[in-house]
Amino acid sequence: MKFIRYGKYIGEPADAIDLEELIKRLGDFFLQSGFESQFYGVSQMDPERSMEALREAILRALQEGDLLPEDAMSEELRKMLQDPAAMNSQAVKDLLDKLTERLANEGFINPQQPPQVTAPPQTSARGQLGQPHERQPEARFEITDKTIDFLGFKTLQDLLGSLGRSSFGRHDTRDLSTGVESGGVSRPYEFGDTLNMDISATLFNAVRREGAKVPIEMTYSDLMVHQCEYHSSCATVVLLDCSHSMILYGEDRFTPAKRVAMALSHLIRTQYPGDTLSLVLFHDSAEEVPLGELARVQVGPYYTNTREGLRLAQRILLRQKKDMRQIVMITDGKPSALTLEDGRIYKNAFGLDPFVVGQTLEEVNKCKRAGIMINTFMLASDYSLVHFVQKITAMCRGKAYFTTPYTLGQYLLMDYMSRKTKQIH
């Protein structure tokens, strides 16, 4: 007699892992800015990442624990993961391959297979000649917009959690208008007001004038409208220093700055839809970078051309028809480069060059005349940088924050959401 034995289905270990938690653990790997390259000799300006490097990063995340539930991991697999030679185990390789496949299927990464090029065969009277064997290029991947948006949301969530309860709202002002949302007592209607009628007050005026009768006759003077608070819109340019000093001195300052810019982008897109955000990187020169490319940006062996960054930020902001226009400058060094009229780059990294500082401050003065506020977030506290930023603050109606890569997010988001007028030094 034939028997069939049924048992409890135990899924694959890779299926038990929360992909969002895995992406969060891999955030530093996805957003790396060249900090490790100065120690390991990796090309700093190569934004591509190999699938093998991704598997190694996933293995490190698994070895840290808490990703695989205890009931989904056998004792044998647990020992394999903790083995220094875990990459040589076929079971671990299969687990990593399945995880990378899940990441691709869920749209977190976009695998890119290397192109396959076959040269035309050479023939002779005796047959076909083989071609010399060439090593195939390594398979690579790119993170998708879904991953960038998720990391920005998680960063924003962590930052707001450290700030305590906060109501997003929009940027409030002290002025009152007749709009849609009620924010004050009613007042008599004036020509041009939004017809956001206060029905109760209007009927009360008509009854008080004519008495309680039907029909109620209303005149122009009876009309009352609600008042609401004006909500201003803001155009912001994040001016991000990507000179080589951002990854020097044993500290990665650029990756936290990228995280904060991603969080600010997510905040504006979801809570302040009327605002705009642009990103400008400055080094020997300056260029505008799409926010979708922010996660792939790395630092390089550059100087600090602050004036060129301010110039480009001005051109972007002057195209925006917003109530407020501001520059958020994140830097860790004094200006040390200048673009001359003929296009050459003048560089001097020793001290505060009077020529460089003078031209940069002249650009700050242009921002002031254009009504553009500059808020500076300093990731260093050396005397030359402090002295330079104090001059900017004295000239332009902005604020200066002395912060660290760990507190940058709290300071920046608090400044963006509060819009307080006090100076912070």
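We now turn to the structure provided with this report. From a predicted model like this one, the values you see are computed outputs, not experimental measurements.

## Some thoughts on the overall build of the chain
Step number 1: Helix and strand content of the chain: 13 helices and 16 strands.
Step number 2: Split into buried and exposed, the 425 residues of the chain put 44% on the buried side.
Step number 3: A fraction of 75% describes how many contacts in the chain between residues 6 or more apart in sequence connect residues 24 or more apart.
Step number 4: As displayed, the chain has an accessible area near 23700 Å², and 52% of this comes from carbon and sulfur atoms.

## Notes on the pairing of strand β15 (residues 373–378)
Step number 1: Counting buried positions along β15 gives six out of six residues, so the element sits mostly inside the fold.
Step number 2: Along β15, one buried face is formed by Met373, Asn375 and Phe377 and the opposite face, lined by Ile374, Thr376 and Met378, is buried too.
Step number 3: Inspection of the sheet shows strand β12 (residues 324–331) paired to β15 by six bridges, in the parallel sense. Bridge pairing in β15 links Met329 to Thr376.
Step number 4: Pairing of β15 with strand β16 (residues 400–402), which is carried by three bridges, proceeds in the parallel orientation. From the neighbouring strand, Met378 faces β16, where its bridge partner is Phe402.
Step number 5: Handedness of the crossover joining β15 and β16 through helix α12 (residues 383–395): right-handed.

## Points about the side chain of Thr236
Step number 1: Mapped onto the fold, Thr236 is located in strand β9 (residues 234–241).
Step number 2: Thr236 gets classed as buried once you look at its relative accessible area, which sits at 1%.
Step number 3: Residues contacting Thr236, with those up to four places away along its chain left out, are Thr276, Leu277, Ser278, Leu317, Gln326, Val328 and Tyr416.

## Remarks on the packing of helix α5 (residues 75–82) against helix α6 (residues 90–105)
Packed helix pairs are specified by the crossing angle of their axes together with the interaxial distance, meaning the distance between the axes.
Step number 1: One can describe the packing of α5 onto α6 by two numbers: an axis separation of 9 Å at closest approach and a directional angle of 90°. With respect to their mutual orientation, α5 and α6 come out roughly perpendicular. Contacts between α5 and α6 involve Leu77, Met80 and Leu81 from the first element and Ala91, Val92 and Leu95 from the second.
Step number 2: In terms of residue class, the contact of α5 with α6 is built from six nonpolar, no polar and no charged.

## Focus on the pairing of β12
Step number 1: β12 sits mainly inside the fold: seven of its eight residues count as buried.
Step number 2: Judged from the seven bridges that link them, β9 and β12 form a sheet pairing that is parallel. Bridge assignment links Ala235 to a residue of β12, and that residue is Arg325.

## As for the nonpolar core
Step number 1: Membership of the largest hydrophobic core comes to 66 residues, with the highest contact counts inside it found for Phe30, Leu62 and Ile330.
Step number 2: Broken down by element, this core gets its largest block of residues, nine residues, from helix α9 (residues 254–271).
Step number 3: Residues Leu239, Leu312, Cys367 and Met378 belong to the second largest nonpolar core, which totals 27 residues.

## Topic: unusual backbone geometry
Glycine aside, the phi torsion of most residues is negative, and most peptide linkages are trans.
Step number 1: Each neighbour pair has its own omega, and for Val214 with Pro215 the value is 0°, a cis peptide bond.
Step number 2: As for its placement among the helices and strands, Pro215 is situated in the loop between α8 (199–210) and β8 (224–232).

## Some details on the sheet that holds strand β10 (residues 276–282)
Across a sheet, strands are paired by hydrogen bonds formed along the backbone, either parallel or antiparallel in direction.
Step number 1: Ordered in space as β11-β10-β9-β12-β15-β16, the six strands form an open sheet in which the pairing is mixed. Strands with a single pairing partner mark the edges of an open sheet, and in this sheet they are β11 (286–289) and β16. Between one strand axis and the next, the sheet turns through 20° on average, direction left out of account.
Step number 2: Judged from the four bridges that link them, β10 and β11 form a sheet pairing that is antiparallel. Among the inter-strand pairings, Phe282 is bridged to a residue of β11, identified as Ala286.
Step number 3: Against the sheet, α9 engages β9, β10 and β12, with an angle of about 160° to β10.

## A short note on the environment of Leu361
Step number 1: Structurally, Leu361 is set in helix α11 (residues 354–369).
Step number 2: Leu361 gets classed as buried once you look at its relative accessible area, which sits at 12%.
Step number 3: Separated by 27 residues in the primary sequence, Leu361 and Phe388 place their C-alpha atoms 8.9 Å from one another.
Step number 4: The residues contacting Leu361, other than those within four sequence positions of it, are Phe388, Lys391, Ile392 and Met395.

## Looking at the environment of Arg208
Step number 1: Of note, Arg208 is situated in helix α8.
Step number 2: As a C-alpha pair, Arg208 and Asp222 span 14 residues in sequence and 9.7 Å in three-dimensional space.
Step number 3: One polar contact links Arg208 to Asn205, side chain to side chain, over a distance of 3.0 Å.

Cut-offs and rules
- Residues numbered from 1 in each chain as written.
- Predicted model: local features only at pLDDT ≥ 70, side-chain atom pairs only at ≥ 80, totals over all residues.
- Heavy atoms only, no water.
- Helix = DSSP H or I, 4+ residues; strand = E, 2+ residues; numbered from the N terminus.
- Buried < 20%, exposed > 50% of the residue type's maximum accessible area, 1.4 Å probe, protein only.
- Contact = heavy atoms within 4.5 Å.
- Areas by Shrake-Rupley, 256 points an atom, 1.4 Å probe, with all protein chains shown as cover.
- Pairing = 2+ DSSP bridges.
- Right-handed = clockwise from strand over helix to strand, strands pointing away.
- Axes fitted to C-alpha atoms, helices over the stretch in contact; angles between N-to-C directions.
- Parallel < 35°, antiparallel > 145°, perpendicular 65-115°, else oblique.
- Nonpolar A, V, L, I, M, F, W, Y, C, P; charged D, E, K, R; others polar.
- Core = buried A, V, L, I, M, F, W, Y, C linked by side-chain atoms within 4.5 Å.
- Polar contact = N/O pair within 3.5 Å; in protein donor to acceptor, adjacent residues only side chain to side chain.

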